Amino acid sequence: MLVRIYTDGAARGNPEGPGGYGTILTYEDTKGRLHTREYSQGYVRTTNNRMELMAVIAGLEALNRPCQVELYSDSKYVTDAFNKHWVESWLKKNWKGSSGPVKNVDLWKRLLKAKEPHQVTFIWVKGHAGHPQNERCDALATSAADGENLLVDEGIASAP
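Residues numbered from 1 in each chain as written. Predicted model: local features only at pLDDT ≥ 70, side-chain atom pairs only at ≥ 80, totals over all residues. Heavy atoms only, no water.

**Observations concerning the layout of surface pockets**
Consideration 1: Size it by volume and the largest pocket reaches roughly 220 Å³.
Consideration 2: Considering every element that reaches the lining of the largest pocket, the biggest residue donor is helix α3 (residues 86-92), with three residues.
Consideration 3: In this model, the second largest pocket occupies a volume close to 180 Å³.
Consideration 4: Asn14, Thr47, Asn48, Asn49, Arg50, Tyr77, Val102, Lys103, Asn104, Gly155 and Ile156 are the residues that line the second largest pocket.
Consideration 5: At three residues, the largest contribution of residues to the lining of the second largest pocket is made by helix α1 (residues 48-61).
Consideration 6: Within the lining of the second largest pocket, the residues separate by chemical class into three nonpolar, six polar and two charged. (1 Å grid on protein atoms, 1.4 Å probe; cavity = no way out; pocket = protein on both sides within 12 Å on 5 of 7 lines; lining within 4 Å. Points joined across faces, edges and corners; volume = space filled by probe spheres on them. Helix = DSSP H or I, 4+ residues; strand = E, 2+ residues; numbered from the N terminus. Nonpolar A, V, L, I, M, F, W, Y, C, P; charged D, E, K, R; others polar.)

**Notes on the sheet that holds strand β8 (residues 150-151)**
Consideration 1: Reading across from one edge, β7-β4-β1-β2-β3-β8 is the order of the six strands in this open sheet, with mixed pairing throughout. For this open sheet the edge positions go to β7 (119-124) and β8, each flanked by a neighbour on one side alone.
Consideration 2: Pairing of strand β1 (residues 2-11) with strand β4 (residues 68-73) involves six bridges; the strand directions are parallel. The residue of β4 that forms the bridge with Arg4 is Glu70. (Pairing = 2+ DSSP bridges.)

**Topic: the packing of aromatic side chains**
Consideration 1: A complete count under the given rule lists seven aromatic pairs for this structure.
Consideration 2: Here the aromatic rings of Phe82 and Trp108 are separated by 6.0 Å at their centres, their planes lie at 55°, and the arrangement is tilted. In this pair, Phe82 is assigned in helix α2 (residues 76-83) and Trp108 in helix α4 (residues 105-115), connecting sequence segments 26 residues apart.
Consideration 3: Of the residues examined, Phe82 reaches a relative accessible area of 13% and is grouped as buried.
Consideration 4: On the numbers, 6.4 Å between centres and 40° between planes, the contact of Trp86 with Trp90 is tilted. Residue Trp86 and its partner Trp90 are located together in helix α3, separated by four residues, close to a single helical turn. (Phe/Tyr/Trp six-rings, centres within 6.5 Å; stacked < 30°, edge-to-face > 60°. Buried < 20%, exposed > 50% of the residue type's maximum accessible area, 1.4 Å probe, protein only.)

**Points about the nonpolar core**
Soluble globular proteins tend to pack their nonpolar side chains together in the buried interior.
Consideration 1: Ile5, Leu60, Leu63, Val69, Leu71 and Trp108 are the most contacted members of the largest nonpolar core, which totals 33 residues.
Consideration 2: Mapped by element, the contributors of at least two residues to this core are β1, β2 (19-28), α1, β4, α2, α3, α4 and β7.
Consideration 3: At eight residues, α1 tops the list of elements feeding residues into this core.
Consideration 4: If we skip the residues at most four places from it in the chain, Val69 touches Val3, Ile5, Leu60, Leu63, His118, Gln119, Val120 and Thr121.
Consideration 5: Core analysis: the next-biggest nonpolar cluster, separate from the first, contains six residues, Tyr6, Ile24, Cys137 and Leu140 among them. (Core = buried A, V, L, I, M, F, W, Y, C linked by side-chain atoms within 4.5 Å. Contact = heavy atoms within 4.5 Å.)

**With respect to the state of the cysteines**
Consideration 1: Tallying each qualifying case throughout the model produces zero disulfides.
Consideration 2: Cysteine Cys67 remains unbridged, with the sulfur of Cys137 as its closest cysteine sulfur at 18 Å.
Consideration 3: Taking relative accessible area as the criterion, Cys67 reaches 8% and is therefore assigned buried.
Consideration 4: The buried category is assigned to Cys137, whose relative accessible area is 0%. (Disulfide = S-S within 2.5 Å.)

**A word on the environment of Leu150**
Consideration 1: Its place among the elements puts Leu150 in strand β8.
Consideration 2: The class of Leu150 is partly exposed, set by a relative accessible area of 28%.
Consideration 3: When the C-alpha positions of Leu150 and Ala114 are compared, they lie 23 Å apart, and in sequence the two are 36 residues distant.
Consideration 4: Not counting chain neighbours up to four residues away, the residues in contact with Leu150 comprise Pro18, Gln41, Gly42, Tyr43, Val44, Ala144 and Ala145.

**Observations concerning α2**
For an α-helix, the turn length of 3.6 residues means that residues three or four places apart are oriented alike.
Consideration 1: Burial analysis of α2 places six of its eight residues in the buried class, which makes it a mostly covered element.
Consideration 2: All of the buried residues in α2 are Tyr77, Val78, Thr79, Asp80, Ala81 and Phe82.
Consideration 3: In this structure, the buried side of α2 is in contact with α1, β4, α3, α4 and β7.
Consideration 4: His85 sits one or two positions beyond α2 and adopts a positive phi of about 65°.

So, in structure tokens, the structure goes:
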């Protein structure tokens, strides 16, 4: 089954302000009917990069069986990490990059686990360029960041 996942993350006041992510999954069932699912969540304090990763994780963790996945993100941080083999290098170097320890290791590990049963192709799309699914993900992320049901991001120090 081919699943298309679209993701976006947003943080306000990086990392002092709230943030959120938006994720959209689309797929066709065996009768050719198109299905769409949307996911979003907001956090009290976080960073843009953490929200981008959480969006991808939410999409992959929503899949209940191995799938072929096209994952669309406007985050070079996410797409380049796989397409330029940064993740492989980080693993070999015990989560160290060219400029020191890799940030968000907790989420990178979680993403690798969520990605494991699937064939995932990471595709970069230009943000704020009119791509309808990317624009919708951005709206979901912004709404989640501005919402009232914010969670504490365990990778960021607790909110005051």
